[in-house]
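Summary of the model geometry
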Amino acid sequence: MSGSSGPLPYSMRDVGAGGAYNNAKFRHRSRLKMVLQFLATNRSKYHCGKFTVGKFLSLLMVSGLLYLFMHKGSEGIVSSELHGKEVQNKNVRRSPSIRTFWRKPPRLPPRLPPNEIYKNNSLLHQSPSEWTSRQKKVKEAFEHAWSGYQKYAMGYDELMPLSHRGTDGLGGLGATIVDSLDTAIIMGADDVVSEASKWIEDNLMKRISEKGQVNLFETTIRVLGGLLSAYHLSGGDHPGAGDSGVTVTYKKANPERLLEVSKDLADRLLLAFTSSPTAIPLSDVILRDHTAHAAPDGLSSTSEASTLQLEFSYLSKVLGDPKYDRAAMKVLEHIHTLPKVEGLVPIYINPSSGQFSGENIRLGSRGDSYYEYLLKVWVQQEEYRHSSLKYLFEMYTEAMRGVKHLLVRKTVPNGLVFVGELPFGRNGGFSPKMDHLVCFLPGTLALGATKGITKRKALETNLLTDEDIENLQLAEDLAKTCVEMYFVTSTGLAPEIAYFHIEGDTEGGADGGNKSSKYINDIVIKPLDRHNLLRPETVESLFVLYRITEDSKYREWGWQIFQAFEKYTKVDSGGYTSLDDVTSLPPSTRDKMETFFLGETLKYLYLLFDENNTLPLDKYVFNTEAHPLPVMRSAEQASHSV
């Protein structure tokens, strides 16, 4: 399937240099107006004494004949080139009517390929002040989400906004607080920064020492990642947070305390690695007992075991202690030696044997962030990209080729590009199923193509290979599909899982409810998959693609998604709620606000509307929970980048 998809029908190549459509260059001037203007401006040359009615009529007749002659000469152009239609009967000559003489040539829109003009294209080129205003709306949403949590669930992992209470489903470490802190710092939400950092300083170390079982993966990406990102953005390892563009205000977190808590937590999480007989860590840790154990079935998710390196490697750097990096990197080094299917791997791995378990291959749950971290760990450790970590980029490249060959398909009737699954491996059947989680992939593909710089700059400096350009095209195609998963529903919000109609597929199902969507017959949403958990993956990819392509349609799509969240998930008393069914109106609700809504979804939307290139993608890498960590350079590299 690689290379089979054509150019996107929604590129911006016909937009003028000023950032908006220049209709003047598509507007044809009236021949009659040109003649009259010429005669008027040269009337002294044709003056013949007193101007009589006869002379006027003669002049008018000559002008009309001249106009008719010139108009007839261009008739073919008007009827075929301008209107885009072929003359069906070229042998039939029609006499011009009076309306033909006086009809004003049409003011034509830009000549764009079919479906290129997005239905809201008047909003695609908002002024900077408009995007700043929209960014402010996202900050207000974040503060509203926090207000509900702070009022009803402070100290709990998550808010149940409808029943006005908190719940602990992530180990009881106040996950929403830690997940939200760096978002608040980035947004300049000083009151939230003050409240969250005070709770962490006063309570988190004690919680860690007293709490029981936590999941290694979830605790690493949300809590450890959140602490370390806030540490950096508060100026912990560099005055003013280095190249982030984030303003450090007087109401800031205490970076020394954040690092202290990070070290204590990481030391306990290390037990998952040291207690395993192989390089693959156990899935769960008992914090207070300093013990670890496997999941009940003895298996670990491949994505969970391989999505720990950004956080542990950064901690090793700031502490000057290699033990954290060494433990986490052994996982990827071990997976490098295992057999794969064109770079693709099963979604389970056994920490007892160190081998993959089963044949299920997908880029959705339990598989997704394995592929993400192959690239991002390579990006993060710039000093070693072309030496000891070169194998990671090679693994990533091989995997993306496998995705294009084995998993990428197009829908019927309208050709949406999507990534399916192989539930029974290469030799089993193909499933046209795609989790919303897979919508991380467009952003990852774009990042892998340009390494964080803009496409324009990469092209100017000849940094893009043919494969990079192909991957960037696939990223844009997949982002389009992810957005249509939103727009095809009645609420404008995506389901957790979608199925796609493909050639020869007889499996039916309900549509998304939005009968005006062009893709209503391409996307199937089954009853058990209709929920929306406020997930971030699509807006994450829109953010990355906007930064790299500089195409404003990604901003406009993000704004429509944000408006849908505001309309259907906002709770007046504070917070936002998950939905049970995005295909019906009014949608039924689930009474839960996931931590990643504040930690990821709203953060990516805020950065999508940012005008200042805050947290540039060639200098920062976002962990899978959207916590930005700096690209680690050698002293020599750092001096060259200044």
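In this text the structure is predicted, and so the values were computed from the model without any measurement.

1. Things to note about the state of the cysteines
Cysteine pairs can be covalently joined through their sulfur atoms, and such a bond is termed a disulfide. Counting across every chain of the model gives 1 disulfide. What pairs with C439 in a disulfide is C482, and their sulfur atoms sit 2.1 Å apart. Residues C439 and C482 are joined through a disulfide that is left-handed, its torsion about the S-S bond being -100°. Here C482 lies in helix α18 (residues 466-487) and C439 lies in the loop between β11 (433-435) and α16 (441-450), a separation of 43 residues in the sequence.

2. Digging into the sheet that holds strand β7 (residues 348-349)
Read across the open sheet, the 3 strands follow the order β6-β7-β8; overall the sheet is antiparallel. Each edge of the sheet is formed by a strand with only one pairing partner; in this case those strands are β6 (300-301) and β8 (356-357). By the bridge criterion, 2 bridges tie β7 to β8 in an arrangement that is antiparallel. Bridged to I349 within β8 is F356.

3. Let's talk about empty space enclosed by the protein
Once rolled over the atoms, a probe with the size of a water molecule shows which space is left empty. One pass over the full model with this rule turns up 5 cavities of 30 Å³ or more. Reported here for the largest cavity is a volume of approximately 120 Å³. Taken together, K376, F440, G443, T444, L447, E540, V544, Y604, L617, Y620, V621 and F622 make up the full set of residues lining the largest cavity. Broken down by secondary-structure element, the contributors of at least two residues to the lining of the largest cavity are α16, α19 (537-549) and β14 (620-622). Here the lining of the largest cavity is composed, by residue class, of 8 nonpolar, 2 polar and 2 charged.

4. Topic: the packing of aromatic side chains
For the coordinates displayed, the defined rule picks out 16 aromatic pairs. Ring centres of Y604 and F622 lie 5.7 Å apart, and the angle between their planes is 45°; this geometry places the pair in the tilted category. On the criterion of sequence distance, the pair formed by Y604 in helix α21 (residues 595-608) and F622 in strand β14 is long-range, its members being 18 residues apart. Here Y604 matches F622 in class, with each residue buried. Across the ring face of W378, the terminal group of R385 is positioned such that the distance to the ring centre comes to 5.1 Å.

5. Overview of the UniProt feature "binding site: Ca(2+)" (unreviewed entry) in the protein
Sites flagged by UniProt as "binding site: Ca(2+)" (unreviewed entry) map to T624. Relative to the elements of secondary structure, T624 occurs in the loop between β14 and β15 (628-630). A relative accessible area of 17% means that T624 is categorised as buried. Here E372 takes part through its side chain, which lies 2.8 Å from a polar atom of the side chain of T624.

6. Digging into the side chain of T538
With respect to the helices and strands, the residue T538 is situated in helix α19. On the basis of relative accessibility, which here comes to 2%, the residue T538 falls in the buried class. In this structure the side chain of T538 is engaged in a polar contact, spanning 3.1 Å, whose partner is the side chain of H436. Apart from residues lying up to four places away in sequence, T538 is in contact with H436, C439, C482, V483, Y486 and I561.

7. Considering the UniProt feature "active site" (unreviewed entry) in the protein
UniProt's feature table lists "active site" (unreviewed entry) at E218, D368, E496 and E537, given in the numbering used throughout. Within the secondary structure, E496 sits in the loop between α18 and β12 (497-500). Taking the relative accessible area as the measure of exposure, E496 reaches 13% and is therefore buried. Look past the residues within four positions of E496 in its chain and what remains in contact with it is D435, H436, D529, H531, L533 and R535. With a relative accessible area of 9%, E537 lands in the buried category. With residues near it in sequence (within four places) discarded, E537 still touches H436, L437, C439 and F440. Side-chain polar atoms of E537 contact the side chain of H436, separated by 3.1 Å.

8. Examining the pattern of salt bridges
Should the charged atoms of two oppositely charged side chains come close, the side chains can pair. Counted by the stated rule, this structure contains 32 salt bridges. Of the charged contacts in the structure, one is a salt bridge between E372 and K376, with a shortest N-O distance of 2.7 Å. Of this pair, E372 and K376 both sit in helix α14 (residues 368-380), 4 residues apart, which is roughly one turn of that helix. Among the salt bridges present, the one from E484 reaches K480, with a minimum N-O distance of 2.8 Å. Placement of both E484 and K480 in helix α18 is noted, with a separation of 4 residues, approximately one turn of the helix. Of the two residues, E484 and K480, neither departs from the other in class, the shared state being buried. Within the structure, one salt-bridge network assembled from shared partners comprises E130, R134 and E556.

9. Section: the packing of α14 against α16
Direction vectors running N to C along α14 and α16 enclose 30°, while the axes themselves pass 10 Å from each other. The angle between α14 and α16 places the two elements in the roughly parallel class. As α14 packs across α16, the resulting crossing turns out to be left-handed. Residue-level inspection shows E372, L375 and K376 of α14 in contact with α16, the latter providing T444, L447 and G448.

10. Some details on the pairing of β12
Neither face of β12 is exposed, since I497 and Y499 on one face and A498 and F500 on the opposite face are all buried. Relative to β12, β11 is paired through 3 bridges, and the arrangement is antiparallel. Within the sheet, the bridge partner assigned to K433 lies in β12 and is Y499. Direction of pairing for β12 relative to strand β13 (residues 523-524): antiparallel, over a ladder of 2 bridges. Of the residues in β13, the one forming a bridge with F500 is I523.

11. Examining the sheet that holds strand β4 (residues 284-286)
Overall, antiparallel pairing links the 3 strands, which are arranged β3-β4-β5 in an open sheet. In this open sheet, the two edge strands, each paired with only one partner strand, are β3 (213-215) and β5 (291-293). Strand-to-strand, the axes of this sheet are offset by a mean angle of 30°, without reference to chain direction. Sheet strands touched by helix α8 (residues 216-233): β3 and β4. Its angle to β3, the strand with the most contacts, is close to 75°.

12. Some remarks on helix α13 (residues 323-337)
Residues lying three or four places apart along an α-helix face the same way, a consequence of the helix completing one turn every 3.6 residues. Given a rise of 1.5 Å per residue, 15 residues ought to cover 21 Å, and the 22 Å separating the end C-alpha atoms of α13 matches this to within 8%. Of all the bends in α13, the greatest, near 25°, is centred on M329. Among the residues of α13, Y324, A327, A328, M329, V331, L332 and I335 are the ones counted as buried.

13. Observations regarding the packing of α16 against α18
At a minimum axis separation of 8 Å, α16 and α18 run at an interaxial angle of 160°. Considering their axes alone, α16 and α18 lie roughly antiparallel with respect to each other. In the crossing of α16 with α18, the sense of the turn from one axis to the other is left-handed. Every residue of α18 that contacts α16 at L441, P442, L445, A446, G448 and A449 is listed here: D468, N471, L472, L474, A475, L478 and A479. Of the residues in the contact of α16 with α18, the class split is 10 nonpolar, 2 polar and 1 charged.

Rules and cut-offs
- Residues numbered from 1 in each chain as written.
- Predicted model: local features only at pLDDT ≥ 70, side-chain atom pairs only at ≥ 80, totals over all residues.
- Heavy atoms only, no water.
- Disulfide = S-S within 2.5 Å.
- Helix = DSSP H or I, 4+ residues; strand = E, 2+ residues; numbered from the N terminus.
- Pairing = 2+ DSSP bridges.
- 1 Å grid on protein atoms, 1.4 Å probe; cavity = no way out; pocket = protein on both sides within 12 Å on 5 of 7 lines; lining within 4 Å.
- Points joined across faces, edges and corners; volume = space filled by probe spheres on them.
- Nonpolar A, V, L, I, M, F, W, Y, C, P; charged D, E, K, R; others polar.
- Phe/Tyr/Trp six-rings, centres within 6.5 Å; stacked < 30°, edge-to-face > 60°.
- Buried < 20%, exposed > 50% of the residue type's maximum accessible area, 1.4 Å probe, protein only.
- Lys NZ or Arg CZ within 6 Å of the ring centre and 35° of its normal.
- UniProt positions renumbered as here; feature names shortened; annotations may be inferred.
- Polar contact = N/O pair within 3.5 Å; in protein donor to acceptor, adjacent residues only side chain to side chain.
- Contact = heavy atoms within 4.5 Å.
- Salt bridge = Lys/Arg side-chain N within 4 Å of Asp/Glu carboxyl O.
- Axes fitted to C-alpha atoms, helices over the stretch in contact; angles between N-to-C directions.
- Parallel < 35°, antiparallel > 145°, perpendicular 65-115°, else oblique.
- Left-handed = near helix turned anticlockwise from the far one by under 90°.
- Expected span 1.5 Å × (residues − 1).
- Bend = angle between axes of the 7 residues up to and from the residue.

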